[in-house]
Amino acid sequence: MRVFLTGGTGAIGPATVRALRDKGHEVRAVARSDEKAAQLRAQGAEPIAVDLFDGDAVKAAVDGCDAVLHLATHVPPLRKMASKDAWSEHNRLRTTASVILIDAALATGATTFVKESVTFSYPDGGDAWIDEATPPDESIAMLHPTLEGERMVDRFTAEGGRGVVLRFGSFYGPTARGVDEALRLARWRLSMVAGKPDGYVSSIHTDDVAGAAVSALDAPAGDYNVIENEPTTRREYLDAFSEAFGLRRLRPMPKWLTKLTAGSGAEAVIRSQRVSNKKLRDATGWSPRYASVREGWPAVARAREVGRA
């Protein structure tokens with residue numbers, strides 16, 4: 001299959017390109033600089049410079065591809081997350097760029113459209129399992145572009161294609177920027193994890209995100225959660241992180257600091273969300289390499305040590 005990929009040079013990009021190539025797919029990926037283009041070529045992908053908000057240019061770039069895998073995001077750094085303006089580019093990628101890419105895919109005959117989303121829009125479930133049948137909570141304005149983007153994929157399916165939405169949990173991994181931010185906060189025994197210690201946090205290693213994205217090319221149309229097999233409580237999550245990096249025991253981010261850093265999205269990140277990945281596993285046979293952060297965080301710490309060697 002020939003795949004048009006956005007987000008191919010971001011946090012999950014290199015692993016996704018590698019996973020696609022390992023499965024024999026041809027990859028045409030967006031590159032916004034010569035350096036990024038060289039990175040893609042080294043992985044066996046075809047780089048293409050295109051403005052994702054230019055409809056004619058996107059149509060030309062997608063032409064000849066069987067599938068579009070839209071993983072591009074622009075999440076602001078922690079210090080800017082409370083600013084609505086800082087999310088502008090991210091929201092345009094989830095909405096405006098999605099419309100343009102769907103139009104291009106339909107016009108050029110692509111049969112599959114896969115789009116990233118997040119699990120944060122689910123309501124607080126306590127210790128109960130949450131699956132795709134659980135309706136999202138529409139009350140948080142910051143998440144409206146995310147939900148709007150999900151609904152756009154329905155049009156691709158309605159017009160004869162196969163539209164897939166992947167709802168990712170919280171990323172962690174050697175290429176995730178949040179790891180550096182978390183290590184900086186740890187100097188003050190603080191963390192990026194907010195909410196009650198006994199509440200659940202659902203996360204996913206960046207390498208496992210890549211595997212799920214590739215498996216989605218064969219999934220039936222619909223929404224799928226991309227989460228580890230065993231979501232942990234926040235206390236367990238923080239202990240696994242601390243132990244992996246040899247840190248003193250960390251505390252969840254206090255509520256006042258959560259509001260300061262997350263702004264209107266604070267409510268979403270303090271919920272307890274024990275999210276199930278069963279639907280994607282059953283549909284495609286995908287399974288994460290790291291069943292939980294108890295295995296994943298030590299692997300991240302080892303990978304970072306190798307990278308520094």
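The present account deals with the structure reproduced in this document. Nothing here was measured: the structure is a model prediction, and the numbers come from that model.

Focus: the overall build of the chain
Assigned secondary structure in the chain consists of 13 helices and 13 strands. Relative to the globule expectation of 19 Å for 309 residues, the C-alpha radius of gyration of the chain, 19 Å, shows essentially globular dimensions. Summarising its shape, the C-alpha atoms of the chain cover approximately 55 × 45 × 40 Å along the three principal directions. Counting all 309 residues of the chain, 52% fall into the buried class. A sequence separation of at least 24 residues applies to 79% of the contacts in the chain between residues at least 6 apart. Of the roughly 13600 Å² that the chain leaves accessible, carbon and sulfur atoms contribute 50%. Positive and negative side-chain charges in the chain, numbering 41 and 40 respectively, have mean positions lying 6 Å apart.

Let's talk about the pattern of salt bridges
The full count for this structure, using the stated rule, is 18 salt bridges. The shortest N-O distance in the salt bridge between Asp-103 and Arg-155 comes to 2.8 Å. Taken together, the positions of Asp-103 in helix α5 (residues 96–108) and Arg-155 in helix α6 (residues 144–158) put the pair 52 residues apart, joining distant regions of the chain. Taking the shortest distance from any N to any O, the salt bridge between Glu-230 and Arg-294 comes out at 3.2 Å. With a gap of 64 residues between them, Glu-230 in the loop between β11 (222–226) and β12 (232–233) and Arg-294 in helix α13 (residues 293–308) connect regions that are remote in the sequence. A relative accessible area of 37% places Glu-230 in the partly exposed class.

Brief notes about the layout of surface pockets
Considering only enclosed or pocket space, the second largest pocket measures out at about 270 Å³ in volume. Asp-124, Gly-195, Lys-196, Ile-270 and Arg-271 are, among the 18 residues lining the second largest pocket, the residues nearest its centre. Of the residues that constitute the lining of the second largest pocket, the class distribution is five nonpolar, five polar and eight charged.

Considerations on α5
Its 13 residues place the ends of α5 19 Å apart at the C-alpha level, agreeing with the 18 Å of an ideal helix rising 1.5 Å per residue. Taken together, the buried positions of α5 are occupied by Ala-97, Ser-98, Ile-100, Leu-101, Ile-102, Ala-104, Ala-105 and Thr-108. On the buried face of α5, the contacting elements are β1 (2–6), α3 (55–62), β4 (67–70), α4 (88–94), β5 (112–118) and α6.

Observations concerning the pairing of β4
Every other side chain in a regular strand lies on the same face of the sheet, so the side chains alternate between the two faces. Side-chain alternation along β4 places Ala-67 and Leu-69 on one buried face and Val-68 and His-70 on a second face that is also buried. The sheet contact formed by β1 and β4 spans four bridges and is parallel. Across the sheet, Phe-4 pairs through a bridge with Val-68, a residue of β4.

Quick look at the side chain of Thr-146
Positionally, Thr-146 belongs in helix α6. A residue is classified by how much of its surface remains accessible, and Thr-146, at 2% relative accessible area, is buried.

Topic: the environment of Trp-286
Structurally, Trp-286 is set in the loop between α12 (278–284) and α13. Separated by 85 residues in the primary sequence, Trp-286 and Val-201 place their C-alpha atoms 21 Å from one another. Once residues lying within four places of it in the same chain are set aside, the contact partners of Trp-286 are Ile-204, Asp-208, Gly-211, Ala-212, Ser-215, Val-226, Ile-227, Asn-277, Leu-280 and Arg-281.

Calculation notes
Here the residue numbers are simple positions, counted from 1 along each chain's written sequence. Where local features are concerned, this predicted model is filtered to residues with pLDDT of at least 70; where side-chain atom pairs are given and counted, the filter is 80 or more; whole-chain, interface and lining totals use all residues. Values shown for side chains rest on all heavy atoms present in the structure; no hydrogens or waters enter the calculation. Secondary structure elements are defined from DSSP: runs of H or I of at least 4 residues count as helices, runs of E of at least 2 residues count as strands, and each element is numbered from the N terminus. Our radius of gyration is a C-alpha quantity, and the globule rule it is checked against amounts to 2.2 Å times the number of residues to the power 0.38. Exposure classes here rest on a 1.4 Å probe applied to the protein chains alone. A residue is buried below 20% of its type maximum, exposed above 50%, and partly exposed in between. Should any heavy atoms of two residues lie within 4.5 Å, those residues are counted as being in contact. All accessible-area figures derive from a Shrake-Rupley calculation using a 1.4 Å probe, and residue coverage is judged against the displayed protein chains alone. In this count, Lys and Arg are taken as positive residues and Asp and Glu as negative ones, while His and the chain termini are left out. Throughout, a charge is located at the NZ atom of Lys, the CZ atom of Arg, the CG atom of Asp or the CD atom of Glu. Salt bridges are identified by distance alone: a Lys or Arg side-chain nitrogen within 4 Å of an Asp or Glu carboxyl oxygen. Lining residues are defined by having an atom within 4 Å of a point belonging to a cavity or pocket. Those points lie on a 1 Å grid over the protein atoms alone, cavities being sets where a 1.4 Å probe fits but cannot get out and pockets being open sets with protein on both sides within 12 Å along at least five of seven lines. Grid points are joined across faces, edges and corners, and a volume is the space filled by probe spheres set on the points. Each residue gets one of three labels, nonpolar for Ala, Val, Leu, Ile, Met, Phe, Trp, Tyr, Cys and Pro, charged for Asp, Glu, Lys and Arg, and polar for the others, Gly among them. By definition here, a helix of n residues has an expected span of 1.5 Å times n minus one. Note: two strands are recorded as paired if DSSP finds a minimum of 2 bridges between them.

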